[in-house]
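Analysis of the macromolecular model
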Amino acid sequence: MAVKLTGRKMDKAPLSPLRCLLLILNYYVGFAYFYPRWAARITLWLNPWAIQTSSAVLFAFYIWMILFSIIVAFPLFKESWKKLPPLSKVLKNVFFLCIIVYLANIGFSLIASLLSGTASSVNQEGLDQSMKAIPLLTAFITVVYAPIVEETLFRGVFFRCFRGKLNFICSMLISGLMFGSIHIYSSLLAGNFTDAWYLLTYAGIGFILCIAYEQNDSIYPSIMLHFMVNLLGTLAMFL
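Overview of the structure. (Residues numbered from 1 in each chain as written. Predicted model: local features only at pLDDT ≥ 70, side-chain atom pairs only at ≥ 80, totals over all residues. Heavy atoms only, no water.)

Turning next to the overall build of the chain. Assigned secondary structure in the chain consists of 10 helices and 0 strands. Counted from the first residue to the last, the chain has its helices and strands arranged as α-α-α-α-α-α-α-α-α-α. Here the C-alpha atoms of the chain give a radius of gyration of 18 Å, agreeing with the 18 Å that 2.2 N^0.38 yields for 239 residues. Summarising its shape, the C-alpha atoms of the chain cover approximately 60 × 40 × 35 Å along the three principal directions. The contacts in the chain between residues at least 6 apart in sequence include a share of 80% that link residues at least 24 apart. Accessible area of the chain: about 12800 Å², with a carbon and sulfur share of 73%. Both charge centroids of the chain, one from 17 positive and one from 9 negative side chains, sit 9 Å from each other. (Helix = DSSP H or I, 4+ residues; strand = E, 2+ residues; numbered from the N terminus. Rg over C-alpha atoms; globule rule 2.2 N^0.38 Å. Contact = heavy atoms within 4.5 Å. Areas by Shrake-Rupley, 256 points an atom, 1.4 Å probe, with all protein chains shown as cover. Lys, Arg positive; Asp, Glu negative; His and termini not counted. Charge placed at Lys NZ, Arg CZ, Asp CG, Glu CD.)

Structure representation (structure tokens):
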């Protein structure tokens, strides 16, 4: 099964500028800045002696982000449902692309590891530590939250909106690089610029997620692919 791209332009994006802005703010401002601080304050309000943010409070905020994304991006999900190909075709496509992601991840991670001189990215190391400390919450974030919220933003907003005006390659590059950047930005802010080599790995995954959207003209296959990739990675950490 080859990776075939349509080459045609997509219709006008179903999300209004306001909806796109709300989704962007929810992620880049809410998730990155406000929500963690609010979660810490609520934790201290519930337990003044707490030394770390409550997992239950964090879980509530992640649920909020999922619901917010689905509600605000409802026109996107509605359009994608109408255009969704037969399930058998989608499953074959997602399974094939999952293998591509796995192989690409190995290749790009090896290159990034050699260039950076590190065994893995800071993001992956943090994920491993989080899985040991709070396994259930980390598994939920990885397998449920990330596929829904990140695909809504990076494929539903960035890729889909640009795809209505630009060709596939340009739209894929924008979406994939922005997706990759969120996995290394904390390292760059901390001055760890060698971690930037792992942009190859994460952006590469983002590119393939764009292919899943492009080939099926629907966000659901990219969510399914993201879910499968993260589920396999999560199971590997538990083994």
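That covers the picture; the talk isn't over yet.
It is worth spelling out the pattern of salt bridges at this point. Under the definition given, this model contains 5 salt bridges. For Arg155, the salt bridge identified is with Glu151, shortest N-O distance 2.7 Å. Note that Arg155 and Glu151 are positioned in helix H6 (residues 135-163) at a spacing of 4 residues, about one turn of the helix. Accessibility assignment for this pair places Arg155 and Glu151 in one class, buried. A salt bridge links Glu214 to Arg163, with the shortest nitrogen-to-oxygen separation between them at 2.9 Å. Of the two residues, Glu214 sits in helix H9 (residues 199-216) while Arg163 sits in helix H6, which places them 51 residues apart along the sequence. You'll find Glu214 and Arg163 in the same group, each marked buried. (Salt bridge = Lys/Arg side-chain N within 4 Å of Asp/Glu carboxyl O. Buried < 20%, exposed > 50% of the residue type's maximum accessible area, 1.4 Å probe, protein only.)

So, about the packing of H6 against helix H10 (residues 219-238). Between H6 and H10, the least distance of the axes is 9 Å, while the angle of their chain directions is 155°. By the criterion of interaxial angle, the relationship of H6 to H10 is roughly antiparallel. Where H6 crosses over H10, the two elements pack in a sense that is right-handed. Residues Pro135, Ala139, Thr142, Val143, Ala146, Pro147, Glu150, Glu151, Thr152, Arg155 and Gly156 of H6 form the contact with H10, whose participating residues are Ile219, Ser222, Ile223, His226, Phe227, Asn230, Leu231, Thr234 and Phe238. Its residues assigned to classes, the contact of H6 with H10 shows 10 nonpolar, 7 polar and 3 charged. (Axes fitted to C-alpha atoms, helices over the stretch in contact; angles between N-to-C directions. Parallel < 35°, antiparallel > 145°, perpendicular 65-115°, else oblique. Left-handed = near helix turned anticlockwise from the far one by under 90°. Nonpolar A, V, L, I, M, F, W, Y, C, P; charged D, E, K, R; others polar.)

Take a nonpolar patch on the surface next. Nonpolar side chains collect at one region of the surface, where Leu18, Leu21, Leu22, Leu25, Tyr28, Val29, Tyr33, Phe34, Trp38, Ile42, Trp45 and Leu46 lie side by side and expose about 1200 Å² of accessible area between them. Counting through the fold element by element, Leu21 comes out in helix H1 (residues 17-46). (Patch = residues over 30% accessible without salt bridge, like charges linked within 9 Å, V, L, I, M, F, W, Y side chains within 5 Å.)

Here helix H7 (residues 168-181) is 14 residues long and its end C-alpha atoms lie 20 Å apart, about the 20 Å a rise of 1.5 Å per residue gives. Looking at the packing, one finds that the buried side of H7 touches H6, H9 and H10. Residue Asn167 occupies the N-cap position of H7, its side-chain oxygen lying 3.3 Å from the main-chain nitrogen of Ile169. (Expected span 1.5 Å × (residues − 1). Polar contact = N/O pair within 3.5 Å; in protein donor to acceptor, adjacent residues only side chain to side chain.)

Here we come to the packing of H7 against H9. It is the contact of H7 with H9, at a shortest axis distance of 7 Å, that shows an interaxial angle of 135°. Accordingly, the angle class assigned to the pair H7 and H9 is oblique. The interaxial crossing formed by H7 with H9 has right-handed handedness. On H9, the residues that touch Phe168, Met172, Leu173, Ser175, Gly176, Leu177, Phe179, Gly180 and Ser181 of H7 are Leu199, Tyr202, Ala203, Ile205, Gly206, Phe207, Leu209, Cys210, Ile211 and Glu214. Of the residues in the contact of H7 with H9, the class split is 13 nonpolar, 5 polar and 1 charged.

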